[in-house]
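If you want the building blocks of each chain, they are given just below.
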Amino acid sequence: MFLALRQIKRSSKWTTTLIIFVMILTFLNLVVVSGVLVGLIQGSVDAQRRQYTSDVILSTLSTKTYIEHSEDIIALLRSMPEVVDVSPRYTSGVSLEANYKTRIKDTDKANTAGGELVGIDPVSENNITNLSKFIVEGSYLSPTDYDQILLGSFLVKKYVPVNNPGFSALENVEPGSKIRIKVNGIVREVTVKGILKSKVNETGLRSFMVDSQLRSLIGRNDHNVGEIAVKLKPNADPIVVRNALIRSGADKVAKVQTYVDAQPKFLKDIKDTFALLGNMISSIGLVVASITIFIVIFINAITRRKFIGILKGIGINGKAIEISYVFQSIFYAACGSIIGLIIIFGILQPMIAAHPINFPFSDGILVAPFGETMLRVGLLIFATIIAGYIPARMIVRKNTLDSILGRK
Amino acid sequence: MGRSGAGKSTFMYQMSLLDEPTSGEVIINGGHNAARMSNEEKTDFRLTRLGYVFQDYALIPELTALENVALPLLMQDIPQKTAYVQAGEALKRVGLATHMSQLPSQLSGGEQQRVSISRAIAHKPDILFADEPTANLDNESSKVIMDIFLELHRAGQTIIMVTHEPEYGKMAQKIVHLDDGRIVNITKN
């Protein structure tokens, strides 16, 4: 330790800085590459939670189009201490048609789009999903609106980035445009009040109107809704609320899921795949870092072979010399990791959280759980210990007198 | 003593447990047979019982004079404070009390060799081995070094020194003359 500390203290500042810089880059590569890849999907998962499912979501069973005893379930939810707010949503399939006034012949292809029309209480829904924040044109619904509709951006052609032959969207539609909706066999002309842009498919592909109107259109006088999104207090466990609902029998009339349960499986699969991909890329970085340390220590040790010989000659144990080189490796890796941790948790993570990376299908964040990050610190230090020990051992093992006299 | 290539240094390295003879035995310091010692035992023996002064000083460049001298003491698990006091005393003995915090590169050749002697004597070795300690020094510095050796010897330090300078040979109690790897003569002053 004495030797190592003195060597580090009195070695070239530039060389030390350069080695630590390489270690910082390696550490960032280890954490950030996989963190951004996973964050790309995590951003999507988080957005799904914030904009669609909230913390717990109840949806219809596969055999029903509505949730029976919705009012009782909503009352139960509102009585739970963990619950902040509840947004009941009426849901119905809808066919939307635009530009019907300019269509010359009935035989011309209609400009239609299909999707789901959701009847919401604008205030409750905004409390839960902050839907008004995603309005990019026009304005959000107010509770007294009638024959007003919000369109998800994926239903409007100018917001759809791909020209998929099997996918149709409404053209020349903007706030104030009249469109026809066909719900439950009823055709109505409504006005587009706003367009909301979201990278969450469930939101971007939906259209929204005030719940009372949709309820009358689909004839749900029993007030049974199609979805109930539940927002919980910040530290409340969604699993506890889900289980309480199941114990109350809500699962007999609805699919009760936490936001995790409701994640599409493909998202989980992509997340796992990206994590694996990230780890593979990180492993290459780890090998590069190990080789760097190996070369640095090897060159250091080979150029100091004579001094290593002298140290052994005057009776310094070879193990002590090896340990001094291993300690130097640990020092470089630890410095790189500490500075890397400061960059990740002090700069990158908060910065990316505040300004997510704008990927086409999600707002990417940097996922770097502290436990996993510390594991990577351990990995880097372990790799550098090995990379430092091997060359030191190679040189220390050489004959003492040969080293002192500079013989081959 | 002996001319270049006579085997003086080889003989000294074998005696001081830095090298192994191809035949014969090294019995050192009253009964320690080098052939029966493990490498670890030899290392420990060199650390605690022997001292070395090399021709080219052999100081560790990153360590100050004081640290160079303290290093073998620290490796004997002597507490750092005690080791530094002992090292300081050894440096004072060779007249380097004011150079303790200087790095080898900041010292002259003669001063570096005096640091090397301090390192060799700080732990009070049974035998001090010196391999042509004045070979790289000018006359004035060489005289200073030899005066230090004489003073150490007078204080009771056993010194085995390799040299080809007859002038320095006259200072020794016993001179072993070597030629072509063989002892050709042993004389006493």
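Look up: the structure comes first, before these words.
Residues numbered from 1 in each chain as written. Chains lettered and ligands numbered in written order. Predicted model: local features only at pLDDT ≥ 70, side-chain atom pairs only at ≥ 80, totals over all residues.

**Q** I'd love a proper account of the overall build of chain B, names of residues and values included.
**A** Within chain B, the secondary structure is distributed over seven helices and seven strands. From first element to last, N terminus to C terminus, chain B shows the α and β order α-β-β-α-β-α-α-α-β-α-β-α-β-β. Taking 16 Å as the expected radius of gyration for a compact globule of 189 residues, we find that chain B reaches 16 Å, a close match to that expectation. Taking the principal axes of the C-alpha coordinates as reference, chain B spans close to 45 × 40 × 30 Å. Residues classed as buried in chain B amount to 40% of the 189 residues present. In chain B, the proportion of contacts linking residues at least 24 apart, taken out of those at least 6 apart, comes to 64%. (Helix = DSSP H or I, 4+ residues; strand = E, 2+ residues; numbered from the N terminus. Rg over C-alpha atoms; globule rule 2.2 N^0.38 Å. Buried ≥ 20, exposed ≤ 12 C-beta atoms within 10 Å, placed from the backbone. Contact = placed C-beta atoms within 7 Å.)

**Q** How would you explain the interface of chain B and chain A if you had to name every residue and give the values?
**A** Facing 16 residues of chain B, the contacting portion of chain A comprises 14 residues. Ranked by the residues each element gives to the side of chain B that touches chain A, the list is headed by helix 2 (residues 39–49) of chain B, at four residues. For the side of chain B that touches chain A, the class distribution of residues is 10 nonpolar, one polar and five charged. (Nonpolar A, V, L, I, M, F, W, Y, C, P; charged D, E, K, R; others polar.)

**Q** An account of the sheet that holds strand 5 (residues 158–162) of chain B is needed here, citing residue identities and associated values.
**A** All names here are of chain B. Pairing in this open sheet of three strands is parallel, and the strands run 3-4-5 from one edge to the other. The open sheet is flanked by strand 3 (50–53) and strand 5, the only strands paired with a single partner. Adjacent strand axes in the sheet meet at a mean angle of 15° when their direction is disregarded. Sheet analysis places strand 4 (residues 127–131) next to strand 5, joined by five bridges and oriented parallel. Paired with leucine 128 across the two strands is isoleucine 159, which belongs to strand 5. (Pairing = 2+ DSSP bridges. Axes fitted to C-alpha atoms, helices over the stretch in contact; angles between N-to-C directions.)

**Q** Could you give an account of the pairing of strand 10 (residues 254–258) of chain A, naming the residues involved and the relevant values?
**A** Residues and elements named next belong to chain A. Only one face of strand 10 is buried: it carries Ala254, Val256 and Thr258, and the other face, with Lys255 and Gln257, is open. As defined by bridge partners, strand 1 (residues 56–60) adjoins strand 10 across five bridges and the pair is classed as antiparallel. Bridging across to strand 10, threonine 60 finds its partner in alanine 254.

Honestly, it's all geometry; don't read function into it.
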